[in-house]
Amino acid sequence: MSGIVRRGGGADRLGRIMEEKGQPISRSVDAEELVAEGSCLVSLIAADAVPEDEVEVQVGSREFAEACRSLDHRSFGYKVTKRVFDILFSGVVVVVGFLPCALLSIAIAVDTKGSPIYTQTRIGKNGKTFRIKKFRTMVVDSDDVEKYFSEDQLKLWKRERKVDNDPRITPLGQLIRAASLDELPQFIDVLFGHISIIGPRAITVDELNQHFTLDERKMLLSVAPGITGWWQVTDRNRATWMGGSRQMLELFYVQNASLSLDARVFFRTFKAMRRGQ
């Protein structure tokens, strides 16, 4: 595992966010965004006030998992309710969607000449890795990014793991993504307990190490990642790793997880799907 990369603290991130918005710090921004950003800044700035003696802790180790569990302050009732909802809702989606997904799988296999299901290693709760499942929307050799991206696109992809007008996406893949159907296989991951319906976005180990401090990693992985989350339904198209705003949105959910916040994310997800996000 690579060493810890120390990033700028809360004060620096606030400055970068204001710069992204084209606003000086003294000006006001959207109240909801300030709630999301401010909650995380309290802990981040407080952490910057005290010199931090970071000790390398292997993600996936027993020590790291124990550190993550110690930061999970959600109530037992909330966790039970959330898990029951995950199982019931995902079960309905899997049963109802079985035949349509089988037909879609055939169409994807014909279109891409590859497996209709794409899997990739992601980091889950308490640092445990798993293979996330999605319907394939890209060419079969999409992992060979140097083959398809320009130099500028490659730099952006390495930083944000996404680019506009991605040339690897197939025409059928465009339609699948527009309808948000590529995420459907993840409901199987929910049933197995790898992820939840609502939570932070499941990311790779490289993204975790590159964009989060050690304390932030522990906090982020104290809850299960989700199919949808606060980042996806608030500022998905503008929040970036580089500016620090995406980290704050993800950490805001972790620090404020509740049934009411989950309900907001759940219903906002359908609005985002209607907008093609």
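Only a predicted model underlies this, so the values are computations on that prediction, with no experimental measurement involved.

1. Let's talk about the overall build of the protein chain
Thinking step 1. If you tally the helices and strands in the protein chain, you get 13 helices and 4 strands.
Thinking step 2. Per-residue burial over the protein chain gives 45% buried out of 277 residues.
Thinking step 3. The contacts of the protein chain with a sequence gap of at least 6 include a subset with a gap of at least 24, amounting to 74%.
Thinking step 4. As displayed, the protein chain has an accessible area near 14300 Å², and 60% of this comes from carbon and sulfur atoms.

2. What about the pairing of strand 1 (residues 117-123)?
Thinking step 1. In the sheet, strand 1 pairs with strand 2 (residues 129-135) via 7 bridges, with the strands oriented antiparallel. Within the sheet, the bridge partner assigned to Arg122 lies in strand 2 and is Phe130.
Thinking step 2. Two successive antiparallel strands, strand 1 and strand 2, enclose a turn made up of 5 residues, where Asn126 displays a positive phi of approximately 60°.

3. Brief notes about the confidence of the model for the protein chain
Thinking step 1. With 79% of its residues at a pLDDT of 70 or more, the protein chain has an overall mean of 83.
Thinking step 2. Mean pLDDT per element in the protein chain: helix 2 (residues 31-49) is the minimum at 44, and strand 3 (residues 196-198) is the maximum at 98.
Thinking step 3. Low pLDDT, under 50, characterises residues 1-12; the predicted model gives this stretch 38 contacts beyond four residues in sequence or across chains.

4. A look at the pattern of salt bridges
Thinking step 1. Evaluation of the coordinates by the stated rule reveals 12 salt bridges.
Thinking step 2. Put simply, Arg74 and Asp72 hold a salt bridge, and the shortest N to O gap is 2.8 Å.
Thinking step 3. Exposure remark for Arg74: the relative accessible area of 15% places this residue in the buried category.
Thinking step 4. By relative accessible area, Asp72 is classed as buried at 14%.
Thinking step 5. Between Arg201 and Glu183 there is a salt bridge, with its nearest N and O atoms 3.3 Å apart.

5. Section: the packing of aromatic side chains
Thinking step 1. Taken as a whole, this structure holds 9 aromatic pairs when the rule is applied.
Thinking step 2. Ring plane angle 80° and centroid distance 5.4 Å describe the contact between Phe212 and Trp241, whose orientation is recorded as edge-to-face. Here the residue Phe212 occupies a position in the loop between helix 9 (205-211) and helix 10 (214-220), and Trp241 occupies one in the loop between helix 11 (230-234) and helix 12 (245-256), the gap between them amounting to 29 residues.
Thinking step 3. The class for Trp241 is buried, based on a relative accessible area of 0%.
Thinking step 4. An aromatic cluster of at least three residues, connected via ring pairs, comprises Phe85, Phe89, Phe187, Phe266, Phe267 and Phe270.
Thinking step 5. Positioned above the aromatic ring of Trp157 is the side chain of Arg161, whose terminal nitrogen or guanidinium carbon lies 4.6 Å from the ring centre.
Thinking step 6. Of note, Arg246 hangs over the ring of Trp231, and the distance from its end group to the ring centre comes to 3.8 Å.

Cut-offs applied
- Residues numbered from 1 in each chain as written.
- Predicted model: local features only at pLDDT ≥ 70, side-chain atom pairs only at ≥ 80, totals over all residues.
- Heavy atoms only, no water.
- Helix = DSSP H or I, 4+ residues; strand = E, 2+ residues; numbered from the N terminus.
- Buried < 20%, exposed > 50% of the residue type's maximum accessible area, 1.4 Å probe, protein only.
- Contact = heavy atoms within 4.5 Å.
- Areas by Shrake-Rupley, 256 points an atom, 1.4 Å probe, with all protein chains shown as cover.
- Pairing = 2+ DSSP bridges.
- pLDDT = per-residue confidence, 0-100.
- Salt bridge = Lys/Arg side-chain N within 4 Å of Asp/Glu carboxyl O.
- Phe/Tyr/Trp six-rings, centres within 6.5 Å; stacked < 30°, edge-to-face > 60°.
- Lys NZ or Arg CZ within 6 Å of the ring centre and 35° of its normal.

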